[in-house]
Amino acid sequence: MDKVGCYPFMAEPFHCDFSGRLFMGHLGNHMLNAADFHSSARGFGMKYLMTIKRSWVLSRLAIEMNEMPLQYTKFNVETWVESAMRYFTSRNFAVIGEDGKAYGYGRSIWAMIDTESRQPTDIYAIDNGAIEQWIVKDKECPIDKGGRVKMGDAAELVRTIDTYYNDVDINGHINSVKYIEHVLDLWDMAWYRTHQIKRFEIAYVAEAHAGDQLSFYMEKEELSTYNIRIVRSDGTECCRSKVVFL
């Protein structure tokens, strides 16, 4: 079995925005599905982990796109493990058209947690560290890894939302992709008619659950670059995001 997984998807019309291009949230979901397909086929996926009370949790995700696929466009998401440590692993993505066109790339960091304690657990304890045999060190992912999103005290509260059933995933907390969608909803239709998303980063800090209110604080870093902090009802910061527009 190849170390790099390659999985076909299509930009289905109801997954596309008013311009006919794939929503960033749905692209993120395709990447997460590709990660699950890849890990499951190689013996360290969610289906197996749930039987031993373990789960993968997304810690960081960065997506940088040259162009979003148009509706009905068929494309592949390639994914591979770049590195692994005791508590975290790095996984990369490439979004490649059937004609070989590179639409964009992604970088992610994952933690493995104990589903009862919700604490990080040793990745190398799974099948005697079998993940090591799937690491790919010589495949390029030509985008920045991204770093901590820095925000000051001047960030402005721009929205507070409630969370519900459809926000929650199999791990019992607010779904990773839902945060992406909620962040990108901070800009209106008029903005998206004249701007496109070049890069999206998100770093997850703490879990939120159905019923929590999420408050979004925004700070403009530079021209068309914005930083967002998401805080749950009790004041705990859940995640930070950076969005770069063209």
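Shown above is the structure to which this text applies.
Here's a quick rundown of the structure.

Thresholds, definitions, all that
- Counting restarts for each chain: residues are numbered from 1 in the order of the written sequence.
- Side-chain atom pairs in this predicted model are given and counted only at pLDDT of 80 or more, local residue features only at pLDDT of at least 70, and totals for whole chains, interfaces and linings cover all residues.
- To obtain the side-chain values, all non-hydrogen atoms of the structure were included, while hydrogens and water were left out.
- One speaks of a salt bridge when a side-chain nitrogen belonging to Lys or Arg is within 4 Å of a carboxyl oxygen belonging to Asp or Glu.
- Each helix is a run of DSSP H or I of at least 4 residues and each strand a run of E of at least 2, with the numbering of both proceeding from the N terminus.
- For every residue, the accessible area (1.4 Å probe, protein chains only) is compared with the maximum for its type, and the residue is labelled buried under 20%, exposed over 50%, or partly exposed between those bounds.
- Here a polar contact is recorded for every N or O atom pair within 3.5 Å, except that within protein the pair must consist of a potential hydrogen donor and a potential acceptor, and residues adjacent in sequence are included only if both atoms are side-chain atoms.
- Only the six-membered ring of Trp is used, alongside the rings of Phe and Tyr, when aromatic pairs are assigned; centres must lie within 6.5 Å, and planes under 30 degrees apart are stacked while those over 60 apart are edge-to-face, with the rest tilted.
- A ring is scored as having a charge over it whenever the NZ atom of a lysine or the CZ atom of an arginine sits within 6 Å of its centre and within 35 degrees of its normal.
- Paired strands are those between which DSSP finds at least two bridges.
- Axis lines are fitted to C-alpha atoms, over the contacting stretch for helices. Their N-to-C directions set the angle, which ranges from 0 to 180 degrees.
- Throughout, a residue-residue contact means that at least one pair of heavy atoms, one from each residue, lies within 4.5 Å.

This structure, assessed with the given rule, holds 14 salt bridges. Of the charged contacts, one joins Arg199 and Glu64 as a salt bridge, the two residues approaching to 2.8 Å between their closest N and O atoms. Of this pair, Arg199 sits in strand E7 (residues 197–204) while Glu64 sits in strand E2 (residues 54–65), and the two are 135 residues apart along the sequence. With a closest N to O distance of 3.2 Å, Glu78 and Lys139 form a salt bridge.

Within helix H3 (residues 176–184), seven of the nine residues are buried, leaving the element largely enclosed by the surrounding structure. Listed in full, the buried residues belonging to H3 are Ser176, Val177, Tyr179, Ile180, His182, Val183 and Leu184. N-capping of H3 is provided by Asn175, with a side-chain oxygen placed 2.7 Å from the backbone N of Val177.

Following the criterion strictly, the structure yields nine aromatic pairs and no others. A centroid spacing of 6.0 Å and a plane angle of 80 degrees characterise the contact between Trp191 and Tyr226, whose relative ring orientation is edge-to-face. One end of the pair, Trp191, is in helix H4 (residues 189–194); the other, Tyr226, is in strand E9 (residues 225–232), and 35 residues separate them in sequence. Relative accessible area serves as the criterion here: at 11%, Tyr226 is assigned to the buried category. When the ring centre of Trp134 is taken as reference, the NZ or CZ atom of Arg42 above it lies at 5.3 Å.

With that settled, the discussion passes to the sheet that holds strand E10 (residues 237–245). In space, the ten strands of this open sheet follow the order E1-E3-E4-E5-E2-E7-E10-E9-E8-E6, with antiparallel pairing throughout. Either end of the sheet is taken by a strand with one partner, and the two such strands are strand E1 (5–10) and strand E6 (156–162). Taken pair by pair, the neighbouring strands of this sheet meet at an average axis angle of 25 degrees, ignoring direction. Taken together, the seven bridges between E7 and E10 define a ladder with antiparallel strand orientation. Looking across to E10, one finds that Ala203 is bridged to Arg240. Helix-sheet contacts for H3 involve E2, E6, E7, strand E8 (213–222), E9 and E10, and the interaxial angle to E7 is about 130 degrees.

This part is about the pairing of E1. Here is the key point about a regular strand: its side chains alternate between the two faces of the sheet. Judged by which residues are buried, E1 turns out to be one-sided: Gly5, Tyr7 and Phe9 face inward and are buried, whereas Cys6, Pro8 and Met10, on the alternate face, are not. Sheet analysis places E1 next to strand E3 (residues 74–84), joined by six bridges and oriented antiparallel. Across the sheet, the residue bridging to Tyr7 is Val77, located in E3.

This part takes up the side chain of Ser55. If you trace the backbone, Ser55 turns up in strand E2. Residues contacting Ser55, with those up to four places away along its chain left out, are Met46, Leu49, Met50, Ala111, Met112, Ile113, Thr115 and Asn171.

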